[in-house]
Amino acid sequence: MMASGAGGLGGAAQGGPPGGKAGGGPSQQQQQVQRPGEPVHFQVVIDRQPGVALGLDVALVQGASVNTGLVVERVVEGGPLDHWNKRSKALFRVQPGDTILDVN
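Residues numbered from 1 in each chain as written. Predicted model: local features only at pLDDT ≥ 70, side-chain atom pairs only at ≥ 80, totals over all residues. Heavy atoms only, no water.

A. How the structure looks around the environment of Leu56. Its location among the elements puts Leu56 in strand S3 (residues 56-61). Of the residues examined, Leu56 reaches a relative accessible area of 19% and is grouped as buried. Between the alpha carbons of Leu56 and Asp82 there is a distance of 8.5 Å; along the sequence they are 26 residues apart. (Helix = DSSP H or I, 4+ residues; strand = E, 2+ residues; numbered from the N terminus. Buried < 20%, exposed > 50% of the residue type's maximum accessible area, 1.4 Å probe, protein only.)

B. Region of interest: the packing of aromatic side chains. Overall, the coordinates contain 1 aromatic pair when judged by the stated rule. Measuring from ring centre to ring centre gives 6.4 Å for Phe42 and Phe92, while their planes differ by 70°; the resulting arrangement is edge-to-face. Note that Phe42 is positioned in strand S2 (residues 40-43) and Phe92 in the loop between helix H1 (80-87) and strand S5 (99-102), a separation of 50 residues in sequence. In this pair, the class of Phe42 matches that of Phe92, namely buried. (Phe/Tyr/Trp six-rings, centres within 6.5 Å; stacked < 30°, edge-to-face > 60°.)

As C-alpha cells, then:
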C-alpha cells in the first residue's frame, strides 16, 4: 500500500521493510528529507492473513477540486496496520487524514 501523509506526521519516500520481508518497519530508503508543508509518500507492507481485516476505516473522496482516493479515517487498535505503526518511526505511521494512493 502506498500512502501519502501531511507534513510532519506522514511518511517520506517509497521503500519496503528491512530485508524485503513483509510486515517489517520502514527501510533506510525512506529516510529522505521532507520539505515543510509538502505531502510525503511511503510504502506500507503488511503480511495479511486470510479472513483478517487490515484494521482501518477509509472514506472515498471525490470532487473537482480534490484527487479521487481513499482517505484514512481510523486505524483500528490491535489490527495489522496498528502493528505496522507500532514498529515504525512516527514519520512512517499511517494515521487519520492520510491518503491511500495504491494497493496491491
